[in-house]
Amino acid sequence: MILVTGATGNIGSVLLAELHACGAGPLRGLTRDASRAAFPAGVEAVEGDFADTASLKPALEGVRSLFLVSRLGSDAEILDAARQAGVEHVVLVSSITVQTHPHLGPAGENLAVERLLKDSGMAWTILRPTQFASNAMMWAASIRDGQAVRMPYADVGLPTIHPADIASVARVALTGPGHQGRTYALTGPERVTARQQVASIAEALGRDVPFAEISREEAHAQMAAIFGDEAADAVLDVTGGDVNDALLQVRDTVSQVTGSTARPFRQWAAEHAAAFR
């Protein structure tokens, strides 16, 4: 039994579909509301809430492999519940900032979860993706309303990753040999700037999308009002304010693990154009 948590999310939904397509199983998808889950035929939908670890116990029953996104609940309790349930292998989604920006608070939190998993006694595979292509969804409302996308560091290019590539690596790690005890840094196939991302969305829509570069100070004020000062600073550092060679490096890990070339941002934009119309 493989349990996919976050089964309706950007990564989990694709992972379930890929696992089902390759004949892995039995499969179970964790969601807060099973009645609203549209899983492939034969995939068991189970309800659970990361904020209530006890609610996860029925979902973990009989599970041998677990796909887990970190920092959505008490990771120590979740991993302990998995170990007690007899889970043998956990594929964990962490963050590339663990190695590129270890001084930042969120990176330290992700590293702490990685250490919890390594100390759990269960086999592990750790995925450290860079910036998600799906982060562009934060522009959807502005683009639908015909407003300009306003971003700092407009021409800093990061090797943004398509969430489906994270899912593909997870699928291989869950079903194939040789991935236990491995840590994979994951990126897209090329660097892409915020300006270029908006241009790709405009191309997918077949119309112009205005773009305006703003200062870090203006961006910080907007983000801090929602996420707080520390989180705003962390996001701005890793999206342009404190880039380094490790963050900018394009890695071929996706193709090495899956045998398929990583998907470019423009593919993500084309696949999700409807969200911006």
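In case you missed it, the structure is sitting above this.
Residues numbered from 1 in each chain as written. Predicted model: local features only at pLDDT ≥ 70, side-chain atom pairs only at ≥ 80, totals over all residues. Heavy atoms only, no water.

1. Re the nonpolar core
Nonpolar side chains tend to gather and get buried jointly when the protein is soluble and globular.
Okay, step 1: Grouped together as the largest cluster of nonpolar side chains are 28 residues, with contacts concentrated most on V4, L15, L19, F67, L127 and L186.
Okay, step 2: Mapped by element, the contributors of at least two residues to this core are β1 (2-4), α1 (12-21), β5 (89-93), α7 (163-175), β8 (182-186) and α12 (253-258).
Okay, step 3: Residues L68, L79, V87 and L117 belong to the second largest nonpolar core, which totals 22 residues. (Core = buried A, V, L, I, M, F, W, Y, C linked by side-chain atoms within 4.5 Å. Buried < 20%, exposed > 50% of the residue type's maximum accessible area, 1.4 Å probe, protein only. Helix = DSSP H or I, 4+ residues; strand = E, 2+ residues; numbered from the N terminus.)

2. Focus: the sheet that holds strand β2 (residues 27-31)
Okay, step 1: Strand order in the open sheet made by the 7 strands is β3-β2-β1-β4-β5-β6-β8, with parallel pairing throughout. The sheet is open, and its two borders are formed by β3 (44-47) and β8, each paired with just one other strand. Each adjacent strand pair in this sheet contributes to an overall mean axis angle of 20°, direction not counted.
Okay, step 2: Pairing analysis gives 5 bridges linking β5 to strand β6 (residues 123-129), with the strands arranged parallel. By the bridge assignment for β6, L92 is matched with I126.
Okay, step 3: Each of β5 and β6 touches helix α5 (residues 105-118); the most contacted strand, β6, lies at about 165° to it. (Pairing = 2+ DSSP bridges. Axes fitted to C-alpha atoms, helices over the stretch in contact; angles between N-to-C directions. Contact = heavy atoms within 4.5 Å.)

3. Let's talk about empty space enclosed by the protein
Okay, step 1: Within the structure shown, the criterion is met by 1 cavity of 30 Å³ or more.
Okay, step 2: Roughly 50 Å³ of internal volume is contained in the largest cavity.
Okay, step 3: In terms of lining residues, the largest cavity is bounded by L3, T5, L30, F50, L56, A59, L60, L66 and I78.
Okay, step 4: For the lining of the largest cavity, the per-class residue count stands at 8 nonpolar, 1 polar and no charged. (1 Å grid on protein atoms, 1.4 Å probe; cavity = no way out; pocket = protein on both sides within 12 Å on 5 of 7 lines; lining within 4 Å. Points joined across faces, edges and corners; volume = space filled by probe spheres on them. Nonpolar A, V, L, I, M, F, W, Y, C, P; charged D, E, K, R; others polar.)

4. Some words on the layout of surface pockets
Okay, step 1: For the second largest pocket, the calculated volume is near 170 Å³.
Okay, step 2: Of all the elements in the fold, those that place two or more residues in the lining of the second largest pocket are α1, α7 and α13 (265-271).
Okay, step 3: Here the residues of the lining of the second largest pocket are counted per class, giving 5 nonpolar, 6 polar and 2 charged.

5. A few points about unusual backbone geometry
Okay, step 1: Its identity as a non-glycine residue notwithstanding, R71 has a phi of 65°, on the positive side.
Okay, step 2: Note that R71 resides in the loop between β4 (65-69) and α3 (75-85).
Okay, step 3: A relative accessible area of 37% means that R71 is categorised as partly exposed.
Okay, step 4: A positive phi angle, close to 50°, is found at Y153, a residue other than glycine.
Okay, step 5: Residue position: Y153 is located in the loop between β7 (149-151) and α7.

6. Quick notes on the packing of aromatic side chains
Okay, step 1: Counted according to the given criterion, the structure contains 2 aromatic pairs.
Okay, step 2: Aromatic side chains F265 and W268 sit 5.6 Å apart centroid to centroid with 35° between the ring planes, which places their arrangement in the tilted category. With F265 and W268 both in helix α13, this residue pair falls 3 residues apart, about one helical turn. For the residue pair F265 and W268, the accessibility class agrees, reading buried in each case.
Okay, step 3: For the ring pair W268 and F276, a centre distance of 6.1 Å and an interplane angle of 75° mean the geometry is edge-to-face. Like F276, W268 is buried.
Okay, step 4: Each member of the aromatic cluster is reached from another via a ring pair, and the members are F265, W268 and F276.
Okay, step 5: One residue, K118, lies across the ring of W124, its end atom 4.8 Å from the ring centre. (Phe/Tyr/Trp six-rings, centres within 6.5 Å; stacked < 30°, edge-to-face > 60°. Lys NZ or Arg CZ within 6 Å of the ring centre and 35° of its normal.)

7. Section: the pairing of β5
Successive residues of a regular strand alternate their side chains across the two faces of the sheet.
Okay, step 1: Here β5 lies mainly inside the structure; 5 of its 5 residues are buried.
Okay, step 2: Side chains H89, V91 and V93 of β5 all project onto a buried face; the interleaved residues V90 and L92 project onto the opposite face, where all are buried too.
Okay, step 3: Looking at chain direction, β4 and β5 are connected through 5 bridges and run parallel. The partner of F67 across the bridge, within β5, is V91.
Okay, step 4: Handedness of the crossover joining β4 and β5 through α3: right-handed. (Right-handed = clockwise from strand over helix to strand, strands pointing away.)

8. Here's the deal with the packing of α3 against α5
Okay, step 1: Closest axis-to-axis distance for the α3/α5 pair is 10 Å, and the angle between their directions is 20°. As summarised for this structure, α3 and α5 are arranged roughly parallel, according to the angle between their axes. Crossing of α3 against α5: the hand is right-handed. Where α3 approaches α5, its residues D75, A76 and L79 are matched on the opposing element by V113, L116 and L117. (Parallel < 35°, antiparallel > 145°, perpendicular 65-115°, else oblique. Left-handed = near helix turned anticlockwise from the far one by under 90°.)

This is a description of form; function is not addressed.
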